[in-house]
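Survey of secondary and tertiary structure
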Amino acid sequence: MRLDGPGSSNFEDRTGQGGGGSILGGGGGILGLLVPLILSRFGIVGLLVLALGYCALGGLGGGGILGGGGSSPTVQQGERNAASTLPAETRTFLTGVLGSTERVWAQVFSAAGQQYRPTVLTAYTGGTQTACGAGRAAYGPFYCPGDQKIYIDPSFFNELTQKFGAPGDFAQAYVIAHEVGHHVQNLEGTLDRASNAQRAAGEAQGNAIQVGVELQADCYAGVWAKNARNPDGTPVLEQGDLEEGLTAAAAIGDDKLQSQAGQSVRPESFTHGSSQQRVEALRRGYTSGNPASCNYNRV
């Protein structure tokens, strides 16, 4: 990849601030315990339901951390002033990818007569507070609809290479672009519609809805990759980059992960799609360069 464009200013560095602590107070908090379960079972749509539910509690005096007058999570002054542990090269990469996604999606939204409102990318170490609960590095990168932020512990990139066998800068950029895709879905109202549809669905059907959401985010990542350009008009992706992303998509398919965990492969339990589906979705977005081709949703 060659990222020559300006980096995004919509970036928050929380590295060096320590663990995420409790959102509801004491011992990790109820939301902190729920987040990994919700992510594994319901994915991004489940986080939306969790965030909306916590927002409702906040409106009833439960210490809400979303907008509208709710109180903010308690952060000790020492944590707030902690020195960053983020290497300059990693920061440049993160902000560069985010900035590129902002330019592409701003063009897409503008062509539709709409304005793109960027997400914020938050880098942290170990754990951090989010509107969806206490984020942990073990969850992997995720998008929280409650505060419209992407959260990532950059050490995940090492795991992507060593555990999943998916090295390369575009493999890492694909992960970020996938989460930006969830933000686009949030702006489009897709996450709300999927959440409503899941409430009325059985388990297998609800999982299928979630798979559609995830595959669309993969496809949106491909749309960004196809349209990403440097200021001189040259493509951001170079020869071999797409293959890095496809390798990463194949490595995190539900069937592959279930097999690696020693479990039987159960398609009805998939929440993110099979390796083949994820590869196809990323390739479809890249081949077309058009978000209209990413019609995976069942809502």
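Overview of the structure. (Residues numbered from 1 in each chain as written. Predicted model: local features only at pLDDT ≥ 70, side-chain atom pairs only at ≥ 80, totals over all residues. Heavy atoms only, no water.)

An ideal rise of 1.5 Å per residue puts 20 Å on 14 residues; helix α10 (residues 275-288) measures up with 20 Å between its terminal C-alpha atoms. Along α10, the residues that are buried comprise S275, R278, V279, A281, L282 and G285. What you see down the axis of α10 is that its buried residues fit within an arc of 160°, all on one side. For α10, the exposed residues lying more than 90 degrees away from the buried face are Q276 and T287. Where α10 is buried, its residues meet α5 (169-188), α7 (203-227), α8 (241-251) and α9 (254-260). Just past α10, the residue G289 takes up positive phi, approximately 65°. (Helix = DSSP H or I, 4+ residues; strand = E, 2+ residues; numbered from the N terminus. Expected span 1.5 Å × (residues − 1). Buried < 20%, exposed > 50% of the residue type's maximum accessible area, 1.4 Å probe, protein only. Arc of directions from axis to C-beta. Contact = heavy atoms within 4.5 Å.)

This brings us to the state of the cysteines. By definition, a disulfide is the covalent link that joins the sulfur atoms of two cysteine residues. Overall, the coordinates contain 2 disulfides when judged by the stated rule. One disulfide in the model links C132 with C144; its S-S distance is 2.1 Å. The sign of the S-S torsion, about 90°, decides the handedness of the disulfide formed by C132 and C144: right-handed. Of this pair, C132 sits in the loop between β3 (127-130) and β4 (133-136) while C144 sits in strand β5 (residues 142-144); the two residues are 12 residues apart in sequence, bridging distant segments of the chain. Taking the relative accessible area as the measure of exposure, C132 reaches 0% and is therefore buried. A disulfide bridge connects C219 with C294, and the sulfur atoms are separated by 2.1 Å. Across the S-S bond of C219 and C294 the torsion is about -70°, and the bridge reads as left-handed. (Disulfide = S-S within 2.5 Å.)

Grouped together as the largest cluster of nonpolar side chains are 58 residues, with contacts concentrated most on L94, W105, F170, Y174 and W224. Considering each element in turn, this core owes the most residues, 10 residues, to α7. Contact partners of W224, with chain neighbours within four places excluded, come to M1, V97, S100, T101, V104, W105, F170, A173 and A177. C132, F142, C144 and Y151 belong to the second largest nonpolar core, which has 7 residues in total. (Core = buried A, V, L, I, M, F, W, Y, C linked by side-chain atoms within 4.5 Å.)

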